[in-house]
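Observations on the model geometry
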Amino acid sequence: TVTQGANGTIAPGTTTVNYGASQGFTLTPAPGYHIDSIRVDGGYVGNTSPYTLTNVTASHTLTEKYAINTYTITVTQGANGTIAPGTTAVNYGANQSFTLTPASGYRIDSIFADGGYVGNTSPYTFTNVIATHTLTAKYAINTYTLTVTQGANGTIVPGTTTVNYG
């Protein structure tokens, strides 16, 4: 007797087997899932497909459990800012948002997902996650322009200039 669980199938289904014969079963997870456990008569027998009952001399039950795949998004924290949450696991097909917060006096210069530039605004979201990913950011110090207006009968040195925060 085959009991089909959620998120996958067993083929063939419930079947009759001659005394002493063997019967193979193919367990196929749905996309985004993997075989977590196979049980015969309630006892764990593994988690790989195909599974074969050999030398059948009695009735048996075959059940399976499938588990959703999870993928790690690895966050590398750089200087002068933070990314939250940090490294995290995400279920197959889910979305995951990250908030990038520059330190005081800094701004987000660039965000990189899997090594490629993806912008410079927070939050950043990975959508429909079906693989592992990486996320990093670079922060740049804020700069300010000091504008000098030269009057008559003297000079101000330096003239107009740019100064870093702090």
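Below is a summary of the structure that appears in this document.

What to know about the sheet that holds strand β5 (residues 43-46)
Read across the open sheet, the 4 strands follow the order β1-β7-β4-β5; overall the sheet is mixed. Only two strands of the sheet have a single neighbouring strand rather than two, namely β1 (2-3) and β5. Strand direction decides the pairing type here: β1 and strand β7 (residues 62-68), joined by 2 bridges, are parallel. Considered in β7, the bridge of V2 is made with L62.

What to know about the packing of aromatic side chains
Counted under the stated rule, the structure contains 3 aromatic pairs. Summarising the aromatic geometry, the rings of Y124 and F126 are spaced 5.1 Å apart at their centres and angled 90° between planes, so their arrangement reads as edge-to-face. Residue Y124 is classed as buried on the basis of its relative accessible area, which comes to 18%. Assessed through its relative accessible area of 5%, F126 is described here as buried. In this structure an aromatic cluster arises from ring pairing among F98, Y124 and F126.

Describing the side chain of N69
With respect to the helices, strands and loops of the structure, N69 is situated in the loop between β7 and β8 (70-76). Here Y71 takes part through its side chain, which lies 3.5 Å from a polar atom of the side chain of N69. Other than its neighbours up to four places away in sequence, N69 contacts G32, Y33, H34, V90, N91 and Y92.

A look at the nonpolar core
When a protein is soluble and globular, its nonpolar side chains tend to lie buried together. In terms of nonpolar packing, the biggest core is built from 16 residues, with I83, F98, L100, Y124, F126 and L135 touching the most fellow members. Those elements that provide at least two residues to this core are β8, β11 (96-102), β12 (106-113), β14 (124-126) and β15 (133-141). Setting aside its immediate chain neighbours within four residues, F126 contacts I73, A94, N95, Q96, F98, A113, H133, T134 and L135. F25, I35, I38 and Y66 belong to the second largest nonpolar core, which has 12 residues in total.

Here we look at the sheet that holds β11
Pairing is antiparallel across the open sheet formed by 3 strands, whose spatial order is β9-β11-β14. Of all strands in the sheet, those with a lone pairing partner are β9 (81-84) and β14, marking the two edges. Across this sheet, the average inter-strand angle for adjacent strands is 20°, counted without regard to direction. Of the pairings in the sheet, the one linking β11 to β14 comprises 3 bridges and is antiparallel in character. In the sheet register, S97 faces β14, and the bridge partner there is T125.

Details of the pairing of strand β4 (residues 33-40)
Remark: a regular strand shows side chains that alternate across the two faces of the sheet. Where β4 lies against β7, 7 bridges are found, and the strand directions are antiparallel. Note that in β7 the partner of S37 across the bridge is K65. Across 3 bridges, the pairing between β4 and β5 is antiparallel. Along β5, the bridge assignment pairs R39 with Y44. The hairpin formed by β4 and β5 contains 2 residues between the paired strands, and D41 there has a positive phi angle of roughly 55°.

A short note on the side chain of E64
Relative to the assigned elements, E64 resides in strand β7. Polar side-chain contacts of E64 include one of 2.6 Å to the backbone nitrogen of G5. Excluding its chain neighbours within four sequence positions, the residues that come into contact with E64 are T3, Q4, G5, I10, L27, S37 and I38.

A closer look at the environment of T3
Of note, T3 is situated in strand β1. With relative accessibility at 42%, the residue T3 sits in the partly exposed group. A C-alpha to C-alpha distance of 7.8 Å links T3 and T14, two positions 11 residues apart in sequence. With residues near it in sequence (within four places) discarded, T3 still touches I10, L62, T63 and E64.

What counts and how
Residues numbered from 1 in each chain as written. Predicted model: local features only at pLDDT ≥ 70, side-chain atom pairs only at ≥ 80, totals over all residues. Heavy atoms only, no water. Pairing = 2+ DSSP bridges. Helix = DSSP H or I, 4+ residues; strand = E, 2+ residues; numbered from the N terminus. Phe/Tyr/Trp six-rings, centres within 6.5 Å; stacked < 30°, edge-to-face > 60°. Buried < 20%, exposed > 50% of the residue type's maximum accessible area, 1.4 Å probe, protein only. Polar contact = N/O pair within 3.5 Å; in protein donor to acceptor, adjacent residues only side chain to side chain. Contact = heavy atoms within 4.5 Å. Core = buried A, V, L, I, M, F, W, Y, C linked by side-chain atoms within 4.5 Å. Axes fitted to C-alpha atoms, helices over the stretch in contact; angles between N-to-C directions.

Bear in mind that shape data such as this cannot, by itself, settle questions of function.
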